[in-house]
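Residues per chain, in single letters:
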Amino acid sequence: MSNFDDLKNAIIKGKRDEVINLVNELLAAGNDVNQIVDAGMIPAMREIGERFSRNEAYVPELLIAARAMQAGLGIVEPLLAASGRKSLGKIAIGTVKGDLHDIGKNLVAIMLKGAGYDVIDLGVNCDIAKFESGVEQGADLIACSALLTTTMSYMKEIAEHFKNSKVKVIIGGAPVTQSFADEIGADGYSDDANGAVKLVDLLLAKTA
Ligand code: B12
């Protein structure tokens, strides 16, 4: 008989097939889909994120766990939508104009999803109009990623564009720093995916 801890551990270890089996077993045993997500899946991504921040897990482990999480989410997502689950908030994430790097952006997206947020993934090479389309779809917060020193400057235009709106803007990516975020007037910065979740928790709780 499987339980939520088995599911949590299988996600942390990145055991994709085991995650699929456990989610199906938990559903077949009559467990509520929200409980499966809240007690098994979200704690797993929070835990692997904490390990990553403490340098006890690295990008490959995070990617493998994220892949396992995605597999589980694939099963529960239609059921969650049908259950009328209330999301913690909606985030539109994208890599900025001119930039095609998306590994870090995808990690941040999956961690946010894993933490209980609705995530609209706008993809790469996103201009302001693309981020605006995320806001039109209901995003409360825009998350921008850049890996090139030549593209991070576009974040300034994005921050300025949303400055007088109620939409928050957070930024990240290897060349980005807290002082750059302060300089361009972004609402927040984090240097890793787990920090991104904490940042969003803070910013969206403040505006709620
Ligand atoms: C993989 C890679 C590529 C792949 C990208 C594949 C893909 N699908 O992403 C390919 C081969 C396509 C590529 C292309 C190029 N690349 Co490249 N690439 C890299 C490399 C090796 C790894 C980047 C990566 O994925 N890191 C792992 C992820 C997990 O880290 P991360 O993105 O930083 O994300 C973490 C945090 O930053 C944070 N984060 C990320 N986004 C966000 C967003 C928010 C809101 C928050 C809060 C946090 C956050 O959380 C993430 C998880 O912890 C880096 C070198 C390096 N060591 O960084 C070079 C690197 C970024 N590339 C570089 C260059 C120059 C290029 C090219 C211009 C090369 C060329 N001449 O064609 C092209 C540019 C193409 C384009 N227009 O974008 C340079 C950039 C130099 C600079 N200072 O600008 C680097 C640094 C390599 C180097 N040392 O020269 N690249």
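Below: a short report on this structure. It should be emphasised that the depicted structure is a prediction, and the values quoted were computed from it without experimental measurement. (Residues numbered from 1 in each chain as written. Predicted model: local features only at pLDDT ≥ 70, side-chain atom pairs only at ≥ 80, totals over all residues. Heavy atoms only, no water.)

Glancing now at the site of the ligand. Around the ligand lies a shell of 27 residues, among which Leu100, His101, Asp102, Ser145 and Thr149 are the nearest. Here an oxygen atom of the ligand sits 2.6 Å away from a polar atom, N or O, in the main chain of Leu100. Note that a nitrogen atom of the ligand is positioned 2.7 Å from one of the side-chain N or O atoms of Asp102. Looking at the shell around the ligand, the elements that each hand over two or more residues are helix H5 (103–114), strand E3 (141–145), strand E4 (168–172) and helix H10 (193–207). In terms of residue count, the dominant contributor to the shell around the ligand is H5 (4 residues). Along the lines of polarity and charge, the residues of the shell around the ligand split into 15 nonpolar, 8 polar and 4 charged. (Near = heavy atom within 4 Å. Polar contact = N/O pair within 3.5 Å; in protein donor to acceptor, adjacent residues only side chain to side chain. Helix = DSSP H or I, 4+ residues; strand = E, 2+ residues; numbered from the N terminus. Nonpolar A, V, L, I, M, F, W, Y, C, P; charged D, E, K, R; others polar.)

In this section: the coordination of the cobalt atom of the ligand. Inspection of the coordination sphere of the cobalt atom of the ligand shows a single protein donor, His101 (NE2), at 2.2 Å. With respect to the helices and strands, the residue His101 is situated in the loop between strand E1 (90–96) and H5. (Donors = N, O, S within 2.8 Å, 3.2 Å for Na, K, Ca; no water.)

We now examine the nonpolar core. Among the nonpolar cores identified, the biggest contains 48 residues, and Leu7 and Met41 are the most heavily contacted of them. Listed by contribution, the elements that provide at least two residues to this core are helix H1 (4–12), helix H2 (16–28), helix H3 (33–53), helix H4 (59–83), E1, H5, E3 and H10. Top contributing element to this core by residue count: H3, with 9 residues. No fewer than three residues from each of domain 1 (4–83) and domain 2 (90–207) sit in this core. (Core = buried A, V, L, I, M, F, W, Y, C linked by side-chain atoms within 4.5 Å. Buried < 20%, exposed > 50% of the residue type's maximum accessible area, 1.4 Å probe, protein only. Domains from an automatic or database assignment.)

Here the structure, examined in full by the defined rule, presents 8 salt bridges. Across the salt bridge formed by Lys198 and Glu50, the nearest N and O atoms sit 3.2 Å from each other. With Lys198 in helix H10 and Glu50 in helix H3, this pair connects stretches of sequence that are 148 residues apart. A relative accessible area of 28% places Glu50 in the partly exposed class. In this structure, Lys156 engages Glu160 in a salt bridge whose closest nitrogen and oxygen atoms are separated by 3.2 Å. Of the two residues, Lys156 and Glu160 both sit in helix H8 (residues 154–162), 4 residues apart, roughly one turn of that helix. With relative accessibility at 44%, the residue Glu160 sits in the partly exposed group. (Salt bridge = Lys/Arg side-chain N within 4 Å of Asp/Glu carboxyl O.)

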